[in-house]
Amino acid sequence: MQTLTARWDGFTFHHRNGAEFELLAREIFEEGEYGFDCDRPDPVILDCGSHIGLSVAWFKRRYPASRITAFEPDPGNFRLLQTNVAINRWSGVTLLNLAVSSRKGTAPLFGEFGVAAPMASAHSLCRDWGSQRSDQSIMVNTIPLADYITGPIDYLKLDIEGMETEVVPSIEPQLHLVGALGLEFHGTGPRASADEEELTELLRASGFRVSLVRKTRSIFPPEIGDWVDRVQPWVSVIKATRTGTLGASTAGK
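Because the structure is predicted, anything quoted here is derived from the model rather than measured.

### Overview of the sheet that holds strand S10 (residues 178–188)
Thinking step 1. Read across the open sheet, the 7 strands follow the order S5-S4-S3-S9-S10-S12-S11; overall the sheet is mixed. Since the sheet does not close on itself, it has two edges, and those belong to strand S5 (93–96) and strand S11 (209–215), each with one partner. Along the sheet, successive strands turn relative to each other by an average axial angle of 15 degrees, direction set aside.
Thinking step 2. Looking at chain direction, strand S3 (residues 44–48) and strand S4 (residues 67–71) are connected through 5 bridges and run parallel. Pairing of isoleucine 45 across the sheet is with isoleucine 68, part of S4.

Given below as structure tokens:
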């Protein structure tokens, strides 16, 4: 596996695609996509869809003592995630080569495999989202996210490329344990708007204050224009917070 090395915000990262790395680094570090407030120095964080660890770096920059469980199903990404955690000497990080789902088992992960510089952040259990550049797939292990919400969670991050409409309803009974949540919504076709509304209403019904920013289709490069025309992608950033003080010490009370 050919790898490149980059520095960002004082951290060192191994990665496989320079354009993808810069795009994600700017979203996470400069736009603050996963920013949240917490009243404790060691928040408990579930990072679902960790890719190569840029989100882990963001959390460790803000909360060095944070306790993070990072899920990444893609084997290539997972190896880079392991490397980046090790070379930056982040402690308190548990790495799991698993895809969060509503059930335990195996499932095909669709994406661009076997190339030197894949756009691997778009790999997905949802065929529509994983087929942006290739119809390839590999089998990966899945785990119910609910199994990991057995106590208070300060922040739940979900960047799981279309699986959020399955995963979030599956953890509805545990959402009272979550202090804040940040996710990228990935919809397709004519149902996208309704799916987005159902998801935000579920979060509001669970006691969250919800904000939403939609992204335009201009975020997709011209070379995947045929895919854009076919699946009609719809992307938004959803942030859910609770009124009052946030943190595992208060979540669920």
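Here the narrative resumes, following the displayed structure.
### Some thoughts on the pattern of salt bridges
Thinking step 1. All chains considered together, the criterion is met by 17 salt bridges.
Thinking step 2. The closest approach of N and O atoms between aspartate 37 and arginine 62, which form a salt bridge, is 4.0 Å. You can see aspartate 37 sitting in the loop between helix H1 (18–30) and S3 and its partner arginine 62 sitting in helix H2 (residues 54–62), a full 25 residues away along the chain.
Thinking step 3. For aspartate 37, a relative accessible area of 56% gives the class exposed.
Thinking step 4. With a closest N to O distance of 2.9 Å, glutamate 201 and arginine 204 form a salt bridge. On the criterion of helical spacing, the pair formed by glutamate 201 and arginine 204 is a turn pair, its members being 3 residues apart in helix H6 (residues 192–205).
Thinking step 5. Judged by relative accessible area, which is 39%, arginine 204 ranks as partly exposed.
Thinking step 6. Sharing partners across several salt bridges, the network here consists of Glu27, Glu33, Glu184 and Lys215.

### Thoughts on the environment of leucine 177
Thinking step 1. Structurally, leucine 177 can be placed in the loop between helix H5 (164–170) and S10.
Thinking step 2. Expressed as a C-alpha distance, the spacing of leucine 177 and tyrosine 34, which sit 143 residues apart in the sequence, is 18 Å.

### A closer look at the nonpolar core
Thinking step 1. One finds Leu145, Leu156 and Leu203 to be the most contacted residues of the largest nonpolar core, which totals 38 residues.
Thinking step 2. The biggest single contributor to this core is S10, with 4 residues.
Thinking step 3. Counting 30 residues, the second-largest nonpolar core is a separate cluster that includes Leu24, Ile68, Leu81 and Trp90.

### Description of H2
Residues spaced three or four apart along an α-helix point in a common direction, a consequence of the helix completing one turn every 3.6 residues.
Thinking step 1. Within H2, 7 of the 9 residues are buried, which leaves the element mostly enclosed by the surrounding structure.
Thinking step 2. For H2, every residue scored as buried is listed here: Leu54, Ser55, Val56, Ala57, Trp58, Phe59 and Lys60.

### What to know about H1
Thinking step 1. For H1, with 13 residues, the first-to-last C-alpha span of 17 Å sits near the 18 Å given by 1.5 Å per residue.
Thinking step 2. Taken residue by residue, H1 has Glu20, Phe21, Leu24, Ala25, Glu27, Ile28 and Phe29 as its buried positions.
Thinking step 3. Summarising the contacts, the buried residues of H1 are in contact with strand S1 (4–8), strand S2 (11–15), H2, S10 and S11.
Thinking step 4. Between the side-chain oxygen at the start of H1 and the backbone nitrogen of alanine 19 there is a gap of 3.1 Å, and the oxygen is on asparagine 17.
Thinking step 5. With its phi angle positive at about 65 degrees, glycine 32 sits one or two positions after the end of H1.

### A closer look at the pairing of S1
Thinking step 1. With 5 bridges connecting them, S1 and S2 associate as antiparallel partners. Within S2, the residue paired with alanine 6 across the bridge is phenylalanine 13.
Thinking step 2. Hairpin connection between S1 and S2: a loop of 2 residues separates the two successive antiparallel strands, and aspartate 9 in this loop has a positive phi of roughly 55 degrees.

Parameters and conventions
- Residue positions are counted from 1 within each chain, in the order its sequence is given.
- This being a predicted model, a pLDDT of at least 70 is required before a residue's local features are given, and a value of 80 or more before pairs of side-chain atoms are given or counted; all residues contribute to the totals for chains, interfaces and linings.
- Note that the side-chain values use all heavy atoms of the structure and ignore hydrogens as well as water.
- Whether two strands pair comes down to DSSP finding at least two bridges between them.
- Going along the chain from the N terminus, every DSSP run of H or I of four or more residues is numbered as a helix, and every run of E of two or more is numbered as a strand.
- Simply put, an axis is a line fit to the C-alpha atoms, just over the touching stretch for a helix, and the angle between two N-to-C directions goes from 0 to 180 degrees.
- One speaks of a salt bridge when a side-chain nitrogen belonging to Lys or Arg is within 4 Å of a carboxyl oxygen belonging to Asp or Glu.
- Exposed residues in this analysis have more than 50% of their type's maximum accessible area, buried residues have under 20%, and partly exposed residues fall in between, with area computed by a 1.4 Å probe over protein chains only.
- For the purposes of this section, nonpolar cores are sets of buried Ala, Val, Leu, Ile, Met, Phe, Trp, Tyr and Cys residues that join through side-chain atoms within 4.5 Å.
- An expected span of 1.5 Å times one less than the residue number is assigned to each helix.
- Contacts were defined at the residue level, with two residues in contact if any of their heavy atoms lie within 4.5 Å.
- Any pair of N or O atoms that falls within 3.5 Å is considered a polar contact. Within protein, one atom must be able to donate a hydrogen and the other to accept it, and sequence-neighbouring residues count only if both atoms are side-chain atoms.

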